[in-house]
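Per-entry structural report
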Amino acid sequence: MTVTLEVAEGVGTLRLDRPPMNALDVATQDRLKELAEEAGRREDVRAVVLYGGEKVFAAGADIKEMQVMDHTAMVLRARALQDSFTAVARIPKPVVAAVTGYALGGGCELALCADYRVAADNAKLGQPEILLGLIPGAGGTQRLSRLIGPSKAKDLIFTGRQVKADEALALGLVDRVVPAAEVYETAHAWAATLAQGPAIALRAAKEAIDTGLETDIETGLAVERNWFAGLFATEDRERGMRSFVEEGPGKAKFR
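All figures in this text were calculated on a predicted structure; none of them were measured in a lab.

**A few points about the pattern of salt bridges**
Enumeration according to the criterion identifies 14 salt bridges in this entry. Between Glu37 and Lys33 there is a salt bridge whose closest N-O contact spans 2.8 Å. Within this pair, Glu37 and its partner Lys33 are both found in helix H1 (residues 26–41), separated by 4 residues, close to a single helical turn. The exposure class of Glu37 is partly exposed, given its relative accessible area of 35%. Residue classification places Lys33 among the partly exposed residues on the basis of a relative accessible area of 28%. Between Arg161 and Glu167 there is a salt bridge; the shortest N-O distance is 2.7 Å. Of the residues examined, Arg161 reaches a relative accessible area of 28% and is grouped as partly exposed. Among the ionic contacts, a cluster of salt bridges with common partners joins Arg18, Asp25 and Asp62.

**Focus on the packing of helix H9 (residues 199–213) against helix H10 (residues 217–230)**
With their axes 8 Å apart at the nearest point, H9 and H10 run at an angle of 170° to one another. When the axis of H9 is compared with that of H10, the two are roughly antiparallel. Residues Ile200, Ala204, Glu207, Ala208, Thr211 and Gly212 of H9 lie in contact with H10, whose contacting residues are Gly220, Val223, Glu224 and Trp227. Tallied by class, the residues present in the contact of H9 with H10 amount to 5 nonpolar, 3 polar and 2 charged.

**Things to note about the sheet that holds strand E6 (residues 116–120)**
Ordered in space as E1-E2-E3-E4-E6-E9, the 6 strands form an open sheet in which the pairing is mixed. Strands with a single pairing partner mark the edges of an open sheet, and in this sheet they are strand E1 (3–8) and strand E9 (176–178). Pairwise comparison of adjacent strand axes, ignoring direction, gives a mean angle of 20° for this sheet. Strands E1, strand E2 (11–16) and strand E3 (47–51) of the sheet are contacted by H1, whose axis makes an angle of about 25° with E1.

**Overview of the packing of helix H5 (residues 140–148) against helix H6 (residues 150–159)**
For any two helices packed against each other, the geometry comes down to the angle between their axes and how far apart the axes lie. Contact geometry of H5 with H6 gives a least axis separation of 7 Å together with a crossing angle of 135°. When the axes of H5 and H6 are compared, the pair comes out oblique. For the pair H5 and H6, the crossing hand works out as right-handed. Contact residues: Gly140, Thr141, Leu144, Ser145 and Ile148 in H5; Pro150, Lys152, Ala153, Leu156 and Ile157 in H6.

**As for the layout of surface pockets**
A volume near 1,100 Å³ is recorded for the largest pocket. Every element with two or more residues in the lining of the largest pocket is listed here: helix H3 (71–89), H5 and H9. Residue contributions to the lining of the largest pocket peak at 9 residues, all from H9. A breakdown of the residues in the lining of the largest pocket according to their chemical character gives 15 nonpolar, 8 polar and 14 charged. Here the second largest pocket is characterised by a volume of approximately 590 Å³.

Conventions adopted
Residues numbered from 1 in each chain as written. Predicted model: local features only at pLDDT ≥ 70, side-chain atom pairs only at ≥ 80, totals over all residues. Heavy atoms only, no water. Salt bridge = Lys/Arg side-chain N within 4 Å of Asp/Glu carboxyl O. Helix = DSSP H or I, 4+ residues; strand = E, 2+ residues; numbered from the N terminus. Buried < 20%, exposed > 50% of the residue type's maximum accessible area, 1.4 Å probe, protein only. Axes fitted to C-alpha atoms, helices over the stretch in contact; angles between N-to-C directions. Parallel < 35°, antiparallel > 145°, perpendicular 65-115°, else oblique. Contact = heavy atoms within 4.5 Å. Nonpolar A, V, L, I, M, F, W, Y, C, P; charged D, E, K, R; others polar. Pairing = 2+ DSSP bridges. Left-handed = near helix turned anticlockwise from the far one by under 90°. 1 Å grid on protein atoms, 1.4 Å probe; cavity = no way out; pocket = protein on both sides within 12 Å on 5 of 7 lines; lining within 4 Å. Points joined across faces, edges and corners; volume = space filled by probe spheres on them.

In structure tokens:
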């Protein structure tokens, strides 16, 4: 299998496993979509880690596979490519990318689908598609500009240059940089902490933020308002407020 899903302690690890560079060919894209949707459905998965292994996250698309595709073939494939990444972005649970080595092209675009990104101190990220006479096609032009702003996104996309971990952190492309040996452990710890939280409230927060970024503020506020009121019907809200009153903040045990 080119992608696997392993679950432990409420955390599902979506692991890319296509040596040597985790090139994202069609089969890997389709498998990624399938397992992302499974992770979203499974009740024993409360948070997700995206991981490519100790040496590399994903060095990009399978260029040899793409080279033989003509315009008609890519017209038929482009939507499926985007849908596979969107399936990851729409997992209704916290998702963290554990980025080691290269995260280029489709690899960078996959990391952009996470809610939080932990990078190794030797990681390199970028969108080099322009060097092939292309543009990012798996969401890079949209997600990168939303994350770091249009000017910085245009710099990376127009030049195709790679950025090291320290610059990626300064740009806001990643959220934390740690020694390479600690990347997965750090990402898993972040996910495991959230896996103990109120699942429906976390889902509501993610949907409200993501929807708000894609629409006008009035629509975003309506989504927030509806989720906020709706959470008053949940057992977790009752537990959280009762614990706060009786024991103080931060001590609630959620189901």
